[in-house]
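So you can see what is in the structure, the chains are spelled out below.
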Amino acid sequence: MTKAAQGRFGPYGGTFVPETLMEPLRELAEAYEAARRDKAFQAELRRLLRDYVGRPTPLSRADRLSEELGCRVLLKREDLCHTGAHKINNALGQALLVKRMGKKRVVAETGAGQHGVASATVCALLGLECVVYMGREDMERQSPNVHRMRLLGAEVRAVDSGSRTLKDAINEAMRDWVTNVRTTHYLLGSVLGAHPYPSMVRDFHGVIGQEARAQVREQTGGLPDVLVACVGGGSNAIGLFGAFLDDPCALVGVEAGGRSSEPGQHAARFLPGASGAGVGVLHGTRTYLLQDDAGNVLPTHSISAGLDYPAVGPEHAQLHDSGRVRYESVRDHEALEAFHLLAATEGILPALESSHALAWVSRAREALRGRTVLVNLSGRGDKDLAVVGGPA
Ligand SMILES: *Cc1c(COP(=O)(O)O)cnc(C)c1O
């Protein structure tokens, strides 16, 4: 691959970072490439995914939900991974890579705290020092996860700049990485950032789609008509979709439509006609981004912290433009309704992020009548109980 083509997804992706990070990113890309081809590394990753994370996660038939909606719904149960979401697939892969590179210290960013918990977990497992940057605003909203990270031995550093949320935490984590790059790895939590992160994080989540494809064929004798996943940065979605890109399956990514399509009230980067949507550079990558006319990054809102981010992974930008994946958005209240629907019909409390994917299925039920729909249940909803409140 030519240098210019590395980490490009059509016109998106790339490496837009300060000079001081060019060399560390090149080293990381090289180390990852070598690990990817190393049978011993892959065997160790497979062992830990099986014995520690609990993979393969089941593909569950959702019979009562299916009856309610009039289509056949199958749930890929990432909520049953250790720590309660898909994020540990990537955190574990990167932490093994850190060991292989001989580094001892990890920095990570976190919004809701899910990626921070996954990072703190794998650092405890592998004996790595872990520093998690988190906006002060988020620390207050997600205090149980702050407690969890500290119990796991991580240092949680409050970020007081900007809006004191995820975007600002990423800035701080990158600053730390630049300063301590010899000893430190930046464990990025989604398919975002400069090359090699979008490809590397996608690959570590590829196991979701590989398992799901084998499971659905075994259980139904065929492939699903439609696959649905929520899209924050886009890691659980690309992890599922990756194995089905060449199949005749419809792929639907669901973004956070928030309260309304007004600027600042949502995080739907692909929403047609949404003011502020456009292409720009954020955190090292060129992609779709919510910004104002002067190019300033807009604030975002979602009821689910994991979808509350102004940019989207660059590969999704390409999949959007090519039309291979269709991007939809659902509002906060629709996600809440879907949360209650799954709880009442299947006895599963989904993460509010995953509830967005379920909400789209519920909204599209007429068009989906009789079809087989595979939904990625990216995480469990225990973390969201304070937001959800009492029974509907
Ligand atoms: C973080 C998170 C997401 C959003 O991140 P992606 O990179 O888009 O997958 C979705 N679901 C859950 C449960 C999360 O914790």
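Since the structure is predicted, the reported quantities are computational estimates derived from the model, not experimental observations.

Turning our attention to the sheet that holds strand β13 (residues 325-331). The strands making up a sheet are joined through hydrogen bonds of the backbone, oriented either antiparallel or parallel. Spatially, the 6 strands line up as an open sheet ordered β3-β4-β14-β9-β10-β13, and their pairing is mixed. Each edge of the open sheet is held by one strand with a lone partner, namely β3 (59-61) and β13. Each adjacent strand pair in this sheet contributes to an overall mean axis angle of 25°, direction not counted. Bridge count for strand β10 (residues 250-258) against β13 is 7 bridges, and the pairing is parallel. By the bridge assignment for β13, Val254 is matched with Glu328. Relative to strand β9 (residues 226-230), helix α13 (residues 352-363) is tilted by about 140°, and along the sheet it contacts β4 (72-77), β9, β10, β13 and β14 (372-377).

What describes two packed helices is the angle between their axes and the distance between those same axes. Two elements in contact, helix α5 (residues 114-126) and helix α7 (residues 143-151), have axes whose closest approach is 9 Å; the angle formed by their N-to-C orientations is 10°. Taken together, the axes of α5 and α7 are roughly parallel relative to one another. Counting all contacts with α5, which are made through Gln114, Gly116, Val117 and Ala120, the residues of α7 involved are Asn145, Arg148 and Met149.

In this section: α13. Its 12 residues give α13 an end-to-end C-alpha distance of 16 Å, which sits within 8% of 16 Å, the value for a rise of 1.5 Å per residue. Of all 12 residues making up α13, 11 are buried, and the element is well covered by its neighbours.

To continue, consider unusual backbone geometry. Geometrically, the link from Arg55 to Pro56 is a cis peptide bond, its omega value of 0° lying close to zero. The linkage connecting His195 with the following residue, Pro196, adopts the cis geometry, with an omega of 10°. Looking at the secondary structure, you find Pro196 in the loop between β8 (184-186) and α9 (197-220). Phi is positive for His283, which is not a glycine, with a value near 50°. Here His283 is to be found in the loop between β11 (277-282) and β12 (285-290).

Take the side chain of Gln114 next. Here Gln114 lies in helix α5. Looking at Gln114, its side chain comes within polar contact range of the side chain of Asn145, at 2.8 Å.

The next thing to look at is the site of the ligand. Lys87, Ser190, Gly232, Ser235 and Ser378 are the nearest of the 17 residues found near the ligand. In the environment of the ligand, an oxygen atom lies 2.7 Å from a nitrogen or oxygen atom belonging to the backbone of Gly232. Contact with the protein chains covers 97% of the free accessible surface of the ligand, which is 380 Å². Taken together, the residues of the shell around the ligand sort by class into 4 nonpolar, 11 polar and 2 charged.

This part takes up the packing of aromatic side chains. This structure, assessed with the given rule, holds 7 aromatic pairs. Measuring from ring centre to ring centre gives 4.4 Å for Phe270 and Tyr327, while their planes differ by 45°; the resulting arrangement is tilted. Taken together, the positions of Phe270 in the loop between β10 and β11 and Tyr327 in strand β13 put the pair 57 residues apart, joining distant regions of the chain. Residues Phe270 and Tyr327 agree in their burial class; the two are buried.

Residues Leu97, Met149, Tyr186 and Tyr197 are the most contacted members of the largest nonpolar core, which totals 59 residues. Per-element tally for this core: the top contributor is helix α4 (residues 87-101), with 7 residues. With near-sequence residues (within four places) excluded, Tyr197 lies in contact with Leu25, Leu28, Gln94, Trp177, His185, Tyr186, Leu188, Leu192 and Arg202. Counting 26 residues, the second largest nonpolar core, distinct from the first, contains Ala212, Val231, Ala237 and Leu251.

A word on the pattern of salt bridges. Following the criterion strictly, the structure yields 29 salt bridges and no others. A salt bridge links Arg26 to Glu30, with the shortest nitrogen-to-oxygen separation between them at 2.7 Å. Remark: Glu30 and Arg26 occur in helix α1 (residues 19-37); sequence separation between them is 4 residues, near one turn of the helix. For Glu328, the salt bridge is made with Arg326, and the minimal N-O distance between the two is 2.8 Å. Several salt bridges share partner residues, and in doing so they unite Arg105, Glu129, Glu155, Arg157 and Asp176 into one network.

This brings us to the sheet that holds β8. One open sheet accounts for 4 strands, arranged β7-β6-β5-β8; its pairing is parallel. At either end of the open sheet lies a strand with only one pairing partner, and these are β7 (155-159) and β8. Between one strand axis and the next, the sheet turns by 25° as a mean value, whatever way the strands run. One ladder, built from 5 bridges, connects strand β6 (residues 129-135) with β7; its direction is parallel. When the bridges of β7 are listed, Met134 appears paired with Ala158.

Criteria and cut-off values
- Residues numbered from 1 in each chain as written.
- Predicted model: local features only at pLDDT ≥ 70, side-chain atom pairs only at ≥ 80, totals over all residues.
- Heavy atoms only, no water.
- Pairing = 2+ DSSP bridges.
- Helix = DSSP H or I, 4+ residues; strand = E, 2+ residues; numbered from the N terminus.
- Axes fitted to C-alpha atoms, helices over the stretch in contact; angles between N-to-C directions.
- Contact = heavy atoms within 4.5 Å.
- Parallel < 35°, antiparallel > 145°, perpendicular 65-115°, else oblique.
- Expected span 1.5 Å × (residues − 1).
- Buried < 20%, exposed > 50% of the residue type's maximum accessible area, 1.4 Å probe, protein only.
- Polar contact = N/O pair within 3.5 Å; in protein donor to acceptor, adjacent residues only side chain to side chain.
- Near = heavy atom within 4 Å.
- Areas by Shrake-Rupley, 256 points an atom, 1.4 Å probe, with all protein chains shown as cover.
- Nonpolar A, V, L, I, M, F, W, Y, C, P; charged D, E, K, R; others polar.
- Phe/Tyr/Trp six-rings, centres within 6.5 Å; stacked < 30°, edge-to-face > 60°.
- Core = buried A, V, L, I, M, F, W, Y, C linked by side-chain atoms within 4.5 Å.
- Salt bridge = Lys/Arg side-chain N within 4 Å of Asp/Glu carboxyl O.

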